[in-house]
Amino acid sequence: MIKMRNVTKYYPNHSEPALAEINVDVEKGEFIFLVGPSGSGKTTFIRLLLREILPTTGEIYVAGIDVLHLRPWKVPYLRRNIGCVFQDFKLLPNKTAEENVAFALEVLGRSQHVIREQVPEILKLVGLESQGHKFPSELSGGEQQRISIARALVNHPPILLADEPTGNLDPATSLELMALFDRINKMGTTVLVATHNREMVDSMRKRVIALENGRIVRDQVRGVYGYED
Amino acid sequence: MRISWFFKEAIISLKRNWVMSMAAISTVALSLLVLGLFAFVALTLDDLITSFERQVEIEVFLKDEAPFQEVQALQEKIISWKEVKNVKYVSKEEALRKFKEKYKDNPEMIEAIPGNPLPASFQISLKNPKNVVRVAKRLEGRKEIDEVKYGQQVVEKLFAVTKVVRMIGLLFILLLGFASLSLIVITIRLAIFARRNEVSIMRLVGASNWFIRLPFLLEGMGQGLIGAIIAIILIHFTRVTFFEKIAKSLSFLPISFGFDLFLKLSASLIVAGLCIGALGSSIALRRFLKV
Ligand SMILES: Nc1ncnc2c1ncn2[C@@H]1O[C@H](COP(=O)(O)OP(=O)(O)O)[C@@H](O)[C@H]1O
Ligand SMILES: [Mg+2]
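Residues numbered from 1 in each chain as written. Chains lettered and ligands numbered in written order. Predicted model: local features only at pLDDT ≥ 70, side-chain atom pairs only at ≥ 80, totals over all residues. Heavy atoms only, no water.

A. Representation of the site of ligand 1 in the model. Residues and elements named next belong to chain A. Within the structure, ligand 1 sits among Tyr11, His14, Ala18, Pro37, Ser38, Gly39, Ser40, Gly41, Lys42, Thr43, Thr44 and Arg47. Tyrosine 11 is positioned such that a nitrogen or oxygen atom in its side chain is 3.5 Å from a nitrogen atom of ligand 1. Relative to its unbound accessible area of 560 Å², ligand 1 is 63% covered by the protein chains. Partitioned by chemical class, the residues of the shell around ligand 1 number 3 nonpolar, 7 polar and 2 charged. (Near = heavy atom within 4 Å. Polar contact = N/O pair within 3.5 Å; in protein donor to acceptor, adjacent residues only side chain to side chain. Areas by Shrake-Rupley, 256 points an atom, 1.4 Å probe, with all protein chains shown as cover. Nonpolar A, V, L, I, M, F, W, Y, C, P; charged D, E, K, R; others polar.)

Following this line, the structure appears as structure tokens:
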């Protein structure tokens with residue numbers, strides 16, 4: 001599902017690489033934690049998969065697509081394979097929860113018929129079928145993040161990427177969200193969560209890829225967080 | 001694909017940005033108004049000049065001693081030149097008759113002339129008056145010919161005037177066109193900025209580039225179109241209140257701003273407005289090409 005070969009990324013005007021010599025293979029249906037202290041390169045890792053940035057050297061394949069040699073106009077088709085969730089939710093404040101989810105289908109040109117069918121279905125999956133008419137400001141942080149997960153999944157992408165999805169949430173809400181990610185993973189979606197939330201990682205016992213200064217220091221099946229913050 | 005979605009987005013954005021949109025629309029309207037009025041004036045001037053030019057002929061005075069056969073041969077030769085439309089021969093007798101006709105109220109003028117001193121001549125009209133000088137030079141110095149006369153100064157002055165008028169108009173239109181283009185670029189940039197969150201989510205979920213750009217393109221073209229319509233309405237009023245009066249009071253000049261011309265002008269202005277709008281938003285969107 002995801003393959004990285006000797007990927008190194010230097011940002012302009014930085015002498016140290018943000019990522020160095022990364023080699024990763026992720027199979028379809030895996031659940032992976034990408035852990036590491038702040039500045040270790042987690043966000044850079046995710047942006048490379050989305051082709052928001054290009055690596056300095058190396059090769060990247062996502063869902064069978066050669067990311068480096070992808071024509072710029074085809075990038076949207078890469079992104080349709082990847083659902084994406086962020087720490088700050090990125091919901092549109094002037095749209096209701098339902099409308100935020102529907103927006104992801106509208107801008108792909110899906111018909112009204114498909115939208116009416118799929119939006120309630122996905123809201124049900126994230127457990128918010130009764131909150132669809134509310135605006136983001138009327139929802140708790142955990143609920144907002146569920147809406148953003150619903151938006152990421154409504155188009156049924158094979159991969160879900162999450163960058164610090166619980167960074168703004170309390171521990172109990174974070175664990176609930178992890179359970180949701182686990183459920184989504186069990187339904188067949190490949191899930192990659194970048195985080196530095198120790199409780200979450202330790203409680204889940206999933207594959208852990210640990211980054212430090214842009215290098216993979218550990219890649220462990222059923223791993224733990226393993227750092228002293 | 002729901003086309004209405006794009007129009008809805010474009011209209012929402014036009015409303016949200018209405019101050020800048022008004023500024024852009026007004027400059028488009030102003031430039032197209034000037035363009036339209038200028039085009040009309042230029043067309044009228046062109047008509048005037050052509051009708052003047054038609055009157056510009058070359059007169060060739062022939063020597064009395066030139067044999068008639070040679071004069072005839074020369075006439076045929078001139079007619080065969082590709083610049084020449086027509087050559088009319090005026091004999092000595094005809095010239096005298098015309099002279100007497102012209103001065104029939106002054107018999108003493110006619111009596112003062114002994115015999116017939118007037119020469120025979122060719123009156124040459126050309127297909128394109130621009131060739132006057134060239135044809136005249138070719139005729140000068142032939143042995144049958146005494147003198148070649150043509151309205152060189154008049155023609156050259158007329159051409160100079162049209163040139164200046166065209167240059168000034170072009171300059172004006174370029175300046176105003178540039179101003180309207182810049183304002184459209186700025187409004188569309190602002191519209192993109194106002195909607196940067198929507199846009200970033202659209203890109204994230206994989207909306208195609210044209211899907212992201214189309215509402216902005218429509219917004220720019222809408223501004224161009226509204227500007228053009230305002231300009232057309234203003235030109236219509238100028239036409240009925242102003243030009244028709246001028247045309248009436250100067251009925252001897254070939255000035256006319258008929259409905260036909262107005263329709264053609266309107267169509268061109270709408271196309272121009274749409275083009276300015278499309279170009280402006282394309283420039284504003286150029287950065288979007290980068291993924
Ligand atoms: N846009 C950028 N331009 C320059 N340097 C950056 C940029 N983004 C991140 N970096 C640098 O790259 C390194 C890794 O950052 P990041 O991938 O954001 O780590 P993390 O998400 O693990 O906190 C850091 O040293 C950071 O300063
Ligand atoms: Mg980060």
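Okay, back to it.
B. Expanded view of the pattern of salt bridges. Residue and element names in this part refer to chain A. Scanning the model with the defined rule gives 14 salt bridges over all chains in all. Its salt-bridge partner being arginine 207, residue aspartate 219 comes within 3.0 Å of it at the nearest N-O pair. In this pair, aspartate 219 is assigned in strand E10 (residues 215-220) and arginine 207 in strand E9 (residues 207-212), connecting sequence segments 12 residues apart. Here aspartate 219 falls in the partly exposed class, since its relative accessible area comes to 40%. With a relative accessible area of 12%, arginine 207 lands in the buried category. Bridged by salt links that share partners, the residues Glu30, Arg207 and Asp219 form one connected network. (Salt bridge = Lys/Arg side-chain N within 4 Å of Asp/Glu carboxyl O. Helix = DSSP H or I, 4+ residues; strand = E, 2+ residues; numbered from the N terminus. Buried < 20%, exposed > 50% of the residue type's maximum accessible area, 1.4 Å probe, protein only.)

C. Summary view of the pairing of strand E3 (residues 121-126) of chain B. Residue and element names in this part refer to chain B. Counting buried positions over the 6 residues of E3 gives 6, a clear majority of the element. Residues Ser121, Gln123 and Ser125 point to one face of E3 and Phe122, Ile124 and Leu126 to the other, with burial holding for every one of them. Here 4 bridges tie strand E1 (residues 58-62) to E3, and the two strands are oriented antiparallel to one another. By the bridge assignment, phenylalanine 61 is partnered in E3 with serine 121. (Pairing = 2+ DSSP bridges.)

D. Inspection of the interface of chain A and chain B at higher detail. Every contact between the two is made by 22 residues of chain A and, on the other side, 16 residues of chain B. Taken together, the two surfaces of chain A and chain B that pack against each other cover about 1800 Å², and 63% of this comes from carbon and sulfur. Summed over the three residues of chain A that lose the most area to chain B, namely Arg79(A), Phe103(A) and Val107(A), the buried surface amounts to 28% of that side. Counting every contact that joins chain A to chain B gives 0 salt bridges. Applying the counting criterion to the chain A and chain B interface returns 1 residue pair in polar contact (both at pLDDT 80 or more). Going through the elements one at a time, helix H2 (75-79), strand E6 (82-86), helix H3 (97-106) and helix H4 (112-125) of chain A are the ones with two or more residues in the side of chain A that touches chain B. Among the residues making up the side of chain A that touches chain B, the classes are represented as 13 nonpolar, 2 polar and 7 charged. (Contact = heavy atoms within 4.5 Å. Buried area = accessible area lost by both parts, 1.4 Å probe.)

E. Examining the sheet that holds strand E2 (residues 84-90) of chain B more closely. Residues and elements named next belong to chain B. Pairing in this open sheet of 4 strands is antiparallel, and the strands run E2-E3-E1-E4 from one edge to the other. Edge positions in the sheet fall to E2 and strand E4 (145-150), since each of these pairs with one other strand and no more. The average angle at which neighbouring strand axes cross in this sheet is 20°, direction not considered. Where helix H6 (residues 132-139) meets the sheet, its contacts fall on E1, E3 and E4, and the angle it forms with E4 comes to roughly 170°. (Axes fitted to C-alpha atoms, helices over the stretch in contact; angles between N-to-C directions.)

F. Up close: the sheet that holds strand E1 (residues 2-9) of chain A. Residues and elements named next belong to chain A. In spatial order, the strands read E2-E1-E4-E5; together these 4 strands make up an open sheet with antiparallel pairing. Edge strands, defined here as strands with exactly one partner in the open sheet, are strand E2 (19-26) and strand E5 (65-66). One ladder, built from 5 bridges, connects E1 with strand E4 (residues 57-62); its direction is antiparallel. Bridge pairing in E4 places methionine 4 opposite isoleucine 60. Each of E1, E2 and E4 is contacted by helix H1 (residues 42-49), which is oriented at about 120° to E1, the strand it contacts most.

G. Here's a closer look at helix H8 (residues 196-204) of chain B. Those residues of H8(B) that sit buried are Glu198(B), Val199(B), Ile201(B), Met202(B) and Leu204(B). Turning to H8(B), the residues buried within the fold contact H2, E6, H3 and helix H5 (141-153) of chain A together with helix H1 (3-16) and helix H9 (209-249) of chain B. Among the residues trailing H8(B), Gly206(B) stands out with phi positive, at a value near 90°.

H. Up close: the layout of surface pockets. The volume enclosed by the largest pocket comes to roughly 410 Å³. Lining the largest pocket are 15 residues, with Arg47(A), Glu52(A), Ser200(B), Arg203(B) and Leu204(B) positioned closest to its centre. Counting residues per element, the ones that place at least two in the lining of the largest pocket are H1 of chain A together with H8 of chain B. Tallying contributions element by element places H8(B) first for the lining of the largest pocket, with 5 residues. Tallied by class, the residues present in the lining of the largest pocket amount to 7 nonpolar, 2 polar and 6 charged. (1 Å grid on protein atoms, 1.4 Å probe; cavity = no way out; pocket = protein on both sides within 12 Å on 5 of 7 lines; lining within 4 Å. Points joined across faces, edges and corners; volume = space filled by probe spheres on them.)

I. Here's a closer look at unusual backbone geometry. A positive phi angle is found at Asn6(A), which is not glycine, with a value near 50°. In this structure, Asn6(A) sits in strand E1.

J. How the structure looks around empty space enclosed by the protein. Applying the stated criterion across every chain yields a total of 2 cavities of 30 Å³ or more. Approximately 140 Å³ is the volume found for the largest cavity. Lining the largest cavity are 16 residues; nearest its centre among them are Ile82(A), Gly83(A), Arg151(A), Ala152(A) and Val205(B). At the level of elements, E6 and H5 of chain A together with H8 of chain B are the ones that each hand at least two residues to the lining of the largest cavity. Tallied by class, residues from the lining of the largest cavity come to 10 nonpolar, 3 polar and 3 charged.

K. Up close: the packing of aromatic side chains. All names here are of chain B. What the rule picks out here adds up to 4 aromatic pairs over all chains. Considering the side-chain rings of phenylalanine 68 and tyrosine 89, the 6.1 Å spacing of their centres and the 70° angle between planes classify their relative orientation as edge-to-face. On the criterion of sequence distance, the pair formed by phenylalanine 68 in helix H3 (residues 68-80) and tyrosine 89 in strand E2 is long-range, its members being 21 residues apart. You can call phenylalanine 68 partly exposed: its relative accessible area is 47%. Among the residues examined, tyrosine 89 registers a relative accessible area of 26% and is labelled partly exposed. (Phe/Tyr/Trp six-rings, centres within 6.5 Å; stacked < 30°, edge-to-face > 60°.)

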